[in-house]
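# Topology and contacts: notes
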Amino acid sequence: RKWKVLRDTALYGFDEVALSPDGKEIWYEQYKSFKNPATGIDENQQAIFTYNIEKDILSVKGIYDTLIGAVVIHPAEDLYAIGFSNGSIQLRKRSNDSLLFAGKLHHDWIDGLSFTNAKPWLIAAGKDGLLKFLNYKTHQHMVTTTLLYKDGETGFATITPENYYL
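Figured I'd write up the structure that's included with this text. (Residues numbered from 1 in each chain as written. Predicted model: local features only at pLDDT ≥ 70, side-chain atom pairs only at ≥ 80, totals over all residues. Heavy atoms only, no water.)

## Let's talk about the environment of Gly-129
- Inspection of the secondary structure puts Gly-129 in the loop between strand E12 (121-126) and strand E13 (130-135).
- Along the backbone, Gly-129 and His-106 are 23 residues apart, and their C-alpha atoms lie at a distance of 9.7 Å.
- Residues in contact with Gly-129, not counting those within four places in the same chain, are Thr-145 and Thr-146. (Helix = DSSP H or I, 4+ residues; strand = E, 2+ residues; numbered from the N terminus. Contact = heavy atoms within 4.5 Å.)

The following block contains the structure:
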């Protein structure tokens, strides 16, 4: 289990914890037992929960059958992104949870996600050792960056979507 520290509070057992930009909601993912409407059987699935600190209300933001590797909230726009264990991402509106984009960026687990303030980019870090940059407005993959290491020297390689090295 991992510990995450969030404003003088330690949360035990959560892999991903995020604080909304206004500081009013805590977002986290956790396994939960839900009744499958088709079969009526309880199934363990992963969900994103939001806890409204001011109103003391816990709600489910979404339920997923794929393991969640990362969750990030955009600091200025009405967006959040989810990275999954199968290398796919979802970009959603925070206010109404509508799906804006879904696609596969990596071949394996997405370990981390980050939005930039300077550009409309979502950066996805994968278990494959690559950083992939997605323009979240056009939904286009911009570039891939990886760290290279040889004989004690390090450097970065940047690869275009057409597989050209820069």
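## Brief notes about the packing of aromatic side chains
- What the rule picks out here adds up to 5 aromatic pairs.
- Between Tyr-28 and Phe-49, the ring centres sit 5.4 Å apart and the planes meet at 20°, which makes this aromatic pair stacked. Of this pair, Tyr-28 sits in strand E4 (residues 25-35) while Phe-49 is found in strand E5 (residues 42-52), placing the two residues 21 residues apart along the sequence.
- Residue Tyr-28 is classed as buried on the basis of its relative accessible area, which comes to 14%.
- You can call Phe-49 buried: its relative accessible area is 5%. (Phe/Tyr/Trp six-rings, centres within 6.5 Å; stacked < 30°, edge-to-face > 60°. Buried < 20%, exposed > 50% of the residue type's maximum accessible area, 1.4 Å probe, protein only.)

## Section: the pairing of E13
- Bridge analysis of E12 against E13 gives 5 bridges, and the strand direction is antiparallel. Across the sheet, the residue bridging to Ala-125 is Leu-131, located in E13.
- The turn linking E12 back onto E13 is made up of 3 residues, and Gly-129 within it adopts a positive phi angle of 85°. (Pairing = 2+ DSSP bridges.)

## Quick look at the sheet that holds strand E10 (residues 99-104)
- Here 4 strands make up an open sheet; going across it, the order is E7-E8-E9-E10 and the pairing antiparallel. Edge positions in the sheet fall to strand E7 (68-73) and E10, since each of these pairs with one other strand and no more. Neighbour-to-neighbour, the strand axes of this sheet turn through a mean angle of 15°, independent of strand direction.
- Alignment of E7 against strand E8 (residues 79-84), held across 5 bridges, turns out to be antiparallel. By the bridge assignment, Ile-73 is partnered in E8 with Tyr-80. (Axes fitted to C-alpha atoms, helices over the stretch in contact; angles between N-to-C directions.)

## Re the pattern of salt bridges
- The final tally for this structure, using the stated rule, is 3 salt bridges.
- Across the pair Lys-93 and Asp-78 runs a salt bridge, and its minimum N-O distance is 3.9 Å. A residue pair is termed long-range when its members are at least 10 positions apart, and Lys-93 in strand E9 (residues 88-93) and Asp-78 in the loop between E7 and E8 qualify at 15 residues.
- For Lys-93, a relative accessible area of 30% gives the class partly exposed.
- As a salt-bridge pair, Asp-97 and Arg-92 come within 3.8 Å of each other at their nearest N and O atoms. Summarising the burial analysis for this pair, Asp-97 and Arg-92 share the class buried. (Salt bridge = Lys/Arg side-chain N within 4 Å of Asp/Glu carboxyl O.)

## Examining unusual backbone geometry
- Phi is positive for Asp-56, which is not a glycine, with a value near 55°.
- Locating Asp-56 in the fold gives a position in the loop between E5 and strand E6 (57-64).
- Looking at Asp-56, the relative accessible area reads 54%, which means it is exposed.

Distances and angles like these do not, on their own, reveal function.
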